[in-house]
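The lines below spell out each chain.
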Amino acid sequence: MKRIFSVTIMGIFAAILSSCGTQNEEKAWVVDRFDDIKVIRYEVPGFEALPLQEKILIYYLSEAAKCGRDIMFDQNFKYNLAVRRTLEAIYTSYEGCRECEEWKALETYLKKVWFANGIHHHYSKDKFKPRFSQEYFEQLLAAVPAEKLPQEFGSVEALKEVLLPVIFDEELYASALNQSAGIDVIKASSNNYYEGVTQREVEAFYKKMASVNDPRPISYGLNSKLVKENGKIVERVWKSGGMYSAAIDRIVEWLEKAEGVAAEPQKAIINSLVKYYRSGDLRQFDDYNIKWVQDTVSNVDFVNGFIEDYGDPLGRKASWESIVNFRDEEACHRTEVISANAQWFEDHSPINPAYRKEVVKGVSAKVITVAMLGGDCYPATPIGINLPNADWIRKEYGSKSVTIDNITFAYKKAAQGNGFQEEFVLREEDRERMTKYGKLADDLHTDLHECLGHGSGQLAPGTKGGELGTYTSTLEEARADLFGLYYLGDPKMVELGLIPSLDVAKAQYASYVMNGMMTQFSRIELGKNVEESHMRNRKLIAEWCYEHGKADNVIEWVKQDGKSYVVVNDFDKFRELLGQMLYEVQRIKSEGDYEAGKALVENYAVKIDPELHAEVLERYRALNIEPYGGFINPDYRLVEENGEIVDVEVVYNDNYVEQMLHYSKEYSFLPTLN
Ligand code: ZN
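The residue numbering used here restarts from 1 in each chain and proceeds along that chain's sequence as written. Reporting of local features is limited, given that this is a predicted model, to residues whose pLDDT is at least 70; pairs of side-chain atoms are given and counted only at 80 or more, and all residues count toward the totals for whole chains, interfaces and linings. Hydrogens are left out, water is left out, and the side-chain values use all remaining heavy atoms of the structure.

## A word on the sheet that holds strand S2 (residues 37-41)
What counts is decided by this rule: Pairing between strands requires that DSSP locate at least two bridges from one strand to the other. Elements are defined by DSSP. Helices are runs of H or I of four residues or more, strands are runs of E of two residues or more, and each kind is numbered from the N terminus. Fitting a line to C-alpha atoms yields each axis, with helices limited to the stretch in contact; the angle taken between N-to-C directions then spans 0 to 180 degrees. In this description, contact between two residues means that some pair of their heavy atoms is separated by no more than 4.5 Å.
In space, the 3 strands of this open sheet follow the order S1-S2-S13, with mixed pairing throughout. With partners counted over all chains shown, the strands left at the sheet margins are strand S1 (30-34) and strand S13 (628-632), one partner each. For this sheet, the mean inter-axis angle between neighbouring strands, taken without regard to orientation, is 25°. Relative to S13, S2 runs parallel, the two being bridged by 5 bridges. Within S13, the position partnered with Val-39 by the bridge is Gly-630. Against the sheet, helix H6 (residues 101-116) engages S1, S2 and S13, with an angle of about 115° to S1. Strands in contact with helix H27 (residues 656-666) are S1, S2 and S13; relative to S1, the strand with the most contacts, it is inclined by about 85°.

What follows is the structure, given as structure tokens:
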């Protein structure tokens, strides 16, 4: 199982474009702040200039993108819709003081639930702790007209009986995703991909399904919940007529409208997706993916489906998500150059030649402008996508890699002048390089990671993939990151005209190490380990290079005025270490060496020094920067004359609460219990 949908939010941390941004400018981009979250708006440059047919297509696909929101809530946890709907009923019918502290606390809790698509933090996966009392909640609940509350529980009492422990019992459903070694990860994770089954039962169930010699294995389990019914383990498939049917049928309706205005080959692609939603047949999904990945001509493109497998501790079940986008022509040039040289990069990769791909196929790379985000991509959003996920499709047909420029741009805009760089970057020359080259360095690193990194290398004969178990995604992200970092510092990049000088790599190396060994801990609660794969991967790389470069003082901890800083002293040696590490991580993947992979992750990626952790949290807190960012969508409105669509207008929003309530009202199709 390969994790490809990379979510890097380096942008918030590293490389602040410039410090000349004014407060006013920041306000315009950040529309809401609460807890550890800031909500940003993004713009869709170029939309107005699109041909009418493409605007209408984007409109239909955007509607389809919004219709699956409830699915993500329910996938994350089976009572998420009950919590959200109850809180929304309270929120919209409340007539008391909206400035009081407890009300504010409840409002923040609801904002967090909206943001995370549920009651577990979108990143740490830990359950939120409400900062209002149970008594207060019960009091508010009692004031809501019963008909406004979810009816599926039979009575308000029964609803309350479920919700109170869900919200207030800290031990119950404590984590949506728990991958700790040596436990039953299915039982310990409270996501809604499995119910009533043990990890051993799940593994046995799917082992029996997979035929060992199939060169084109189906992604078994991808689009279903695995449950025990009358002692028998069965899949409840997410399809029209199956689980989540009410939302899927609406998605299909809009997709069919989109099909009606799309040109070939996109028309056939959408048709294929609709067939899959109707049948739930994963062969049909493969068929759709094969068609989709080969379409490199359509200007408008989209993702809509059960795609992302990070939420499942076993990396099998996929969360629903959607992104609608169109090409950003200017920025595409950058990735075209990388793509055109894919074979050169593969041939020069510092890995065992036996594990290089002889022919690198179909690396299509482009930069896109996002027009709509949905499901698992909303409000927290990736800045790069690489799909499809099935290894054999990638091998035979290639993959599509995109970076999302308008999102990255909005992140940078929102981070201008927040004081982060001054606080954590020790050396003036590093600060200067980050300011000057930060965005370019981040963009290129993402391009290399997505366009080449994940697709590079090959397995040894006999290795099937999946051998690395719960360490798969961390090691896969590390492999792609190492590839990107290594080549960012290659003179070839200058030669290709992609960077003006290797200072761009130095900017990235300094910020990457600082983030991996220190600043990213600002997003983790004191006492907790690093869990999320991308965070683990960054720590793994930075710590490994620190350890292996110790004799030469390649990376150094510096104490100054009681504050800790981590600096890269020798960029050339650091790059050599990246190459050596890539060699080893590729070997581990190619050979499926579980023990070596486990040792790497457990030794370097998981544990945080508590003293350093506390210091980072304190310094970060003092800056008042929210460590996580997400986005609100624009709206699209049809302009009609005499019953005919003559234009589509884009309308930018600046109110997070309004958008969430609007979506809950207009795009909520699932029952509270599924
Ligand atoms: Zn990735």
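## With respect to the sheet that holds strand S4 (residues 224-229)
In space, the 3 strands of this open sheet follow the order S3-S4-S5, with mixed pairing throughout. In this open sheet, the two edge strands, each paired with only one partner strand, are strand S3 (194-195) and strand S5 (232-237). Sheet topology note: the S4/S5 ladder contains 6 bridges and is antiparallel. Across the sheet, the residue bridging to Ser-224 is Val-237, located in S5.

## A few points about the state of the cysteines
Two cysteines joined by a covalent bond between their sulfur atoms form a disulfide. Note the following rule: In this description, a disulfide is simply a cysteine sulfur pair whose atoms lie within 2.5 Å. Buried residues are those whose accessible area, probed at 1.4 Å on protein chains only, stays under 20% of the maximum for their type, while exposed residues exceed 50% and partly exposed ones sit between those limits.
Summed over all chains, the structure comprises 1 disulfide. Sulfur of Cys-67: no disulfide; nearest cysteine sulfur belongs to Cys-377 and is 16 Å away. By relative accessible area, which is 1% here, Cys-67 ends up buried.

## A closer look at the packing of helix H5 (residues 80-93) against H27
In plain terms, the rule: Orientation labels follow simple angle bins: below 35 degrees gives roughly parallel, above 145 gives roughly antiparallel, 65 to 115 gives roughly perpendicular, and whatever is left gives oblique. Should the near helix be turned anticlockwise from the far one by less than a right angle, the crossing is left-handed, and should it be turned clockwise, the crossing is right-handed. Here the term charged refers only to Asp, Glu, Lys and Arg, the term nonpolar to Ala, Val, Leu, Ile, Met, Phe, Trp, Tyr, Cys and Pro, and the term polar to all other amino acids, Gly among them.
Direction vectors running N to C along H5 and H27 enclose 120°, while the axes themselves pass 12 Å from each other. Regarding the angle of H5 to H27, the classification is oblique. The interaxial crossing formed by H5 with H27 has left-handed handedness. Residues Arg-84, Glu-88, Tyr-91 and Thr-92 of H5 touch H27, and the partners they reach there are Val-657, Leu-661 and Ser-664. Here the contact of H5 with H27 is composed, by residue class, of 3 nonpolar, 2 polar and 2 charged.

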